[in-house]
Amino acid sequence: VQLVESGGGLVQAGGSLRLSCAASGIFFSDRTMGWYRQAPGKARELVADITSGGSTKYADSVKGRFTISRDNAKKTVNLQMNSLKLEDTAVYYCNAARSSKWPRDYWGQGTQVTVSS
């Protein structure tokens, strides 16, 4: 199983970035996929996730600014991040969630997003 993130980088406050995660080795279309982030000294937190049926959930801090999407044919999940704020700086991780059907979750290696003033 591999989850490979891309698209991180340095951006000024108010700018945009698009993160992508390419999955292999899992039954992608059957999985809830998510993006988490972890800032220095803080716990990892859910940013957004999307179910196999396309239902989405967002952290309150990113609602209206971030959009999660998935392409089951390409086995990718994307996170469009607009109006970025300094507090969005973190390492962002892709996740394939566990469920009653799939008892193990998987994580990518993470991609750094740095928002500067």
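This is a predicted model, so every value here is computed, not measured.

A.B. asks: Sorry if this is basic, but what is going on with the pattern of salt bridges here?
C.D. replies: Side chains that differ in charge, positive against negative, can pair when their charged atoms come close. All told, the structure shown has 7 salt bridges when counted by the stated rule. With its nearest N and O atoms 3.6 Å apart, the salt bridge here joins Lys-57 to Asp-49. A relative accessible area of 45% places Lys-57 in the partly exposed class. Here Asp-49 falls in the buried class, since its relative accessible area comes to 13%. Linking Arg-98 and Asp-105 is a salt bridge whose minimum nitrogen-to-oxygen distance equals 3.4 Å. Linked through salt bridges whose partners overlap, the residues forming this network are Arg-37, Glu-45, Arg-65 and Asp-88.

A.B. asks: Before we go on, may I ask you to explain the state of the cysteines in this structure?
C.D. replies: What makes a disulfide is a covalent bond joining the sulfur atoms belonging to two cysteines. This model, assessed by the stated rule, comprises 1 disulfide. Here Cys-21 is linked by a disulfide to Cys-94, with a sulfur-sulfur distance of 2.1 Å. Handedness here is read from the sign of the S-S torsion; for Cys-21 and Cys-94, about -80 degrees, the answer is left-handed. Residue Cys-21 is found in strand β3 (residues 17-24), and its partner Cys-94 is found in strand β9 (residues 90-96); the two are separated by 73 residues along the sequence. Overall, Cys-21 belongs to the buried group, its relative accessible area being 0%. Residue classification places Cys-94 among the buried residues on the basis of a relative accessible area of 0%.

Parameters and conventions
- Residues numbered from 1 in each chain as written.
- Predicted model: local features only at pLDDT ≥ 70, side-chain atom pairs only at ≥ 80, totals over all residues.
- Heavy atoms only, no water.
- Salt bridge = Lys/Arg side-chain N within 4 Å of Asp/Glu carboxyl O.
- Buried < 20%, exposed > 50% of the residue type's maximum accessible area, 1.4 Å probe, protein only.
- Disulfide = S-S within 2.5 Å.
- Helix = DSSP H or I, 4+ residues; strand = E, 2+ residues; numbered from the N terminus.

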